[in-house]
Amino acid sequence: MKKPLNVVYAADERLPAGIAVLSGLQHVGLMSIYLVYPVLIARAAGSTAEIAAAMVSFTLVALAVGTILQVIPIGPFGSGYLCQPIPTVVYLVPSLVAAKHGGLPLVFGLTLAAGLLEMALSRVLQRLRPVLPPEIAGLVVLFVGIATGVIGLRVAFEIGEQGMAAGPADIMITLATLAAMTGLNVWGRGAARLFCVLIGMAVGYAIAAVLGRFHASELTMLSASAVVALPDLGYVDWQFDAAMFIPFAVAAVAATLKITGNVTTCQKANDAEWVRPDMRSISRGALADGVGTVIAGGLGAPGINSSTAAVGLASATGVLSRHVAYPIAAILLLLAFLPKLGLFFYVMPRPVAGAALIFSSTFIVVNGMEIMTSRLLDSRKTLVIGLSLVAGLAVEVYPVLVRGSASGLQAVLGTSLVLGTLVGLALNLLFRIGIRRTGTLTVPLDSFDPESLDQFLERQGAAWGARRDVIERARFNLVQSIETILAGCDPQGPLRVDATFDEFNLDIRVSYPGAPLALPATRPTNEEIMASEAGQHALAGFLLRRFADRVQCTHVAGHSSILFHFEH
Amino acid sequence: MDLRQDSKEGVVVLDVIGRMDSSAAPLLQDRLTAVMAEPRARVLIDLAKLDYISSAGFRILLLAAKRADETGCRFVLCGISGRVRQLFDVGGFLELFSIAETREEGVAAAAG
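Remember, it's a predicted structure, so these values are computed and weren't measured experimentally.

Another point: the overall build of chain A. Looking only at helices and strands, one finds 22 helices and nine strands in chain A. A compact globule built from 568 residues would reach a C-alpha radius of gyration of about 24 Å, and chain A, at 27 Å, matches this within 12%. Each of the three principal axes of chain A carries a C-alpha extent, and together these read 90 × 60 × 45 Å. Counting over 568 residues, chain A shows a buried share of 51%. The long-range fraction of contacts in chain A, counting pairs at least 24 apart against all pairs at least 6 apart in sequence, stands at 80%.

Shown next as structure tokens:
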């Protein structure tokens, strides 16, 4: 493991207390943006301001516990990386539906159940890869982003069954808040860029105050509330509904995929020699993430999930030390006893909350697109993505499409996240029929065409949904090996190429009648390379060995075979 | 492989486009031999549009660098990125050549 140059304090390094506290404050500042989510859920359930404030407090407690569990590895829990949880849009979307249909008890019961599902998924992450390939993972993230943006629009412009209720002043506040966030993100530097959402929200609050959008009763409630108080658990209860659990199950899958991505990013950020994901720490991280959501549901808070923004902040500052978790947790716990904080978010003007959701949705949408296209796509995968997108968007645009179903299912299937994901999962499983796991090609001696070899692996890679970088390495090995065999091994007949793939391994075997290809473990010297073609062939063999994860050569009865193994 | 030759500030700039493999490498070798026939020639090879390089390509570059040392020529590479850069790295070639990040820097380095 090698510490990258841009890292000041790596995950396992201690740091001065002052820097730890300052980093902790930065992280909490970033996390606090998302405290609007419990307030939105409380409002959707028709709860009082006091209950909303209590939900914020218990969300802070859940975040504090979740941070320690995730960042400080304890027993089987925790990745050990600074990717602590936040209240997440992943659980916001189904929570709003559940709040409207069954109130807060349904939200908390289903959140608890979703956390348990996340914990179960963490134990079988490797086996899930064929069922949850990147195009599905990316679709889920994309739908989360779309749903977030749609919710943001509904909140900002007060769009309901009767149409839009927002007036010109509300629209102005929305646009000004969004403009501030966007402007700072695009042109801002340093802290201004990092905290663009918080600053934008402050701008929204200020404009709302100037325009008289705060009711006197809200301001009275805020000033009259205690400065320090124990939050009241009296509102907490739990219910369960099988149909309503479906969107929470989809959210649990999305949350698991997100923590997987975040821990992988943290692994890369901490190790300049990173080659592939360490599934052990990913699995531990997913388990801790699930436990955090269970605790949140148990305490009367919405589901929480690892924060991509936190990962980004750590990378940007170079402070990746897990010891920052202690001040983060301490500050969060202190804030939990300040009821004014929860009420401050409760009185947040709807246009400000809506603008924050719209702004956040943009990054989630693009992140989903990047995940979807991280692998090679063929017609199967294109259809999975395209048809799922159309299905998901259709129910958002034409809710009448699901009006015929039972009312419980209507709420479930009427969201793009659930319907789009279910369609994607079903199509992915269906289209796996007929995918051949082995591709074969014959290379004649008299017409070596490197382009055809490239195209062969490109086609196979797309059909398999293989990772682009692994196919790139395999392409080099295939072309270079055949080039060298033809020039230096005197093959007596055509070369046969067999490419075999499962979700974890890509094997390329080149077989031919002729002398074996030398694959030296040490690099030939520059003088040897320049001296003759033999030196050039030795260099080729060295590169072939280094590019594959494993090589195996056999030579039996005049027949040679080379196997290049790539871990996927 | 396509080779395009240009001249800038007294530096011969060669754009290598496509694949540099055993069939294409002699073409580059012949061109470099011609260009470096000039005493104290200044040569920049831009690999930004190179899709693939094999051991044959590396050998030609090594021979060119050696000839440059022997004849007092300046020999610089630029535009190395992505998979090609990874090959240079794995093959231990990043430290062997004078490599510039951009074409402009390459011209400046070759011009001296």
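Now for the confidence of the model for chain B. Residues and elements named next belong to chain B. Per-residue confidence for chain B averages 91 on the pLDDT scale, and 100% of its residues sit at or above 70. Ranking the helices and strands of chain B by mean pLDDT puts strand β3 (residues 42–46) first, with 94, and helix α3 (residues 82–90) last, with 88. Reported confidence for the predicted complex is 0.92 by ipTM and 0.71 by pTM.

Taken domain by domain, chain A comprises domain 1 (17–129 + 165–242 + 262–369) and domain 2 (438–567). Computed from C-alpha atoms alone, the centre-to-centre distance between domain 1 of chain A and domain 2 of chain A is 50 Å.

Before going further, it helps to examine the interface of chain B and chain A. Every contact between the two is made by 17 residues of chain B and, on the other side, 18 residues of chain A. For the side of chain B that touches chain A, the secondary-structure elements that each account for two or more residues are α2 (55–71) and α3 of chain B. The greatest single-element share of the side of chain B that touches chain A, amounting to seven residues, is contributed by α2(B). Residues belonging to the side of chain B that touches chain A are distributed by class as follows: seven nonpolar, five polar and five charged.

Let us look at the sheet that holds strand β9 (residues 559–567) of chain A. All names here are of chain A. Pairing is antiparallel across the open sheet formed by five strands, whose spatial order is β5-β6-β7-β9-β8. Each edge of the open sheet is held by one strand with a lone partner, namely β5 (438–443) and β8 (550–556). Strand-to-strand twist of the sheet, defined as the mean angle between neighbouring strand axes without regard to direction, takes the value 15°. Direction of pairing for strand β6 (residues 495–502) relative to strand β7 (residues 505–513): antiparallel, over a ladder of seven bridges. Counterpart to D502 in the pairing with β7 is N505. The strands that helix α20 (residues 468–488) touches are β5, β6, β7 and β9; relative to β7, the one it contacts most, it runs at about 10°.

A few words now on the packing of α20(A) against helix α22 (residues 533–547) of chain A. All names here are of chain A. It is at 10 Å that the axes of α20 and α22 come closest, and there the two elements cross at 155°. Put simply, α20 runs roughly antiparallel to α22. In the crossing of α20 with α22, the sense of the turn from one axis to the other is left-handed. Residues R473, F476, N477, Q480, S481, T484, A487 and G488 of α20 touch α22, and the partners they reach there are E533, H537, A540, L543, L544 and F547. Split by residue class, the contact of α20 with α22 holds six nonpolar, six polar and two charged.

Bringing the pairing of β3(B) into the picture now. The side chains of a regular strand alternate between both faces of the sheet. Residue and element names in this part refer to chain B. Counting buried positions over the five residues of β3 gives five, a clear majority of the element. Bridge count between strand β2 (residues 11–20) and β3: four bridges; the pairing is parallel. Directly across from D15, in β3, lies its bridge partner D46. The parallel pair β2 and β3 is bridged by helix α1 (residues 25–35), and the resulting crossover is right-handed.

Here we take up the environment of S306(A). Residue and element names in this part refer to chain A. Take S306: it is sitting in strand β4 (residues 304–306). Taking the C-alpha atoms as reference points, S306 and Q70, separated by 236 residues in sequence, lie 8.6 Å from one another. Residues in contact with S306, not counting those within four places in the same chain, are Q70, C83, P85, K258, I259, N262 and D289.

An α-helix turns once per 3.6 residues; consequently, residues spaced three or four apart project the same way. Residue and element names in this part refer to chain B. All of the buried residues in helix α4 (residues 103–111) are G106, V107 and A110. For α4, the angular spread of the buried residues around the axis is 100°, confining them to a single face. Against β1 (2–8), β2, β3, β5 (74–78) and β6 (98–100) lie the buried residues of α4.

Residue and element names in this part refer to chain A. Following the sequence through the fold, Y37 ends up in helix α2 (residues 36–44). Separated by 22 residues in sequence, Y37 and T59 place their C-alpha atoms 9.8 Å apart. The residues contacting Y37, other than those within four sequence positions of it, are P87, L92 and P302.

All names here are of chain B. Burial of β5 is extensive: four of the five residues sit out of reach of the surface. Looking at chain direction, β3 and β5 are connected through five bridges and run parallel. In the strand pairing of β5, I45 is matched with L77. For the handedness criterion, the β-α-β arrangement of β5, α3 and β6 is classed as right-handed.

This part covers the nonpolar core. Residue and element names in this part refer to chain A. Judged by nonpolar contacts, the single largest core of 148 residues is most densely connected at V140 and V144. For this core, the leading source of residues is helix α4 (residues 89–122), giving 20 residues. What V140 contacts, discounting residues up to four positions off in sequence, is V250, V253, A254, L257 and T421.

Moving on: unusual backbone geometry. Residues and elements named next belong to chain A. Even without a glycine there, the phi angle at D490 is positive, about 50°. Here D490 lies in the loop between α20 and β6. Taking the C-beta count within 10 Å as the criterion, D490 has 11 such neighbours and is therefore assigned exposed.

Calculation criteria
Residues numbered from 1 in each chain as written. Chains lettered and ligands numbered in written order. Predicted model: local features only at pLDDT ≥ 70, side-chain atom pairs only at ≥ 80, totals over all residues. Helix = DSSP H or I, 4+ residues; strand = E, 2+ residues; numbered from the N terminus. Rg over C-alpha atoms; globule rule 2.2 N^0.38 Å. Buried ≥ 20, exposed ≤ 12 C-beta atoms within 10 Å, placed from the backbone. Contact = placed C-beta atoms within 7 Å. pLDDT = per-residue confidence, 0-100. Domains from an automatic or database assignment. Nonpolar A, V, L, I, M, F, W, Y, C, P; charged D, E, K, R; others polar. Pairing = 2+ DSSP bridges. Axes fitted to C-alpha atoms, helices over the stretch in contact; angles between N-to-C directions. Parallel < 35°, antiparallel > 145°, perpendicular 65-115°, else oblique. Left-handed = near helix turned anticlockwise from the far one by under 90°. Right-handed = clockwise from strand over helix to strand, strands pointing away. Arc of directions from axis to C-beta. Core = buried A, V, L, I, M, F, W, Y, C linked by C-beta atoms within 7 Å.

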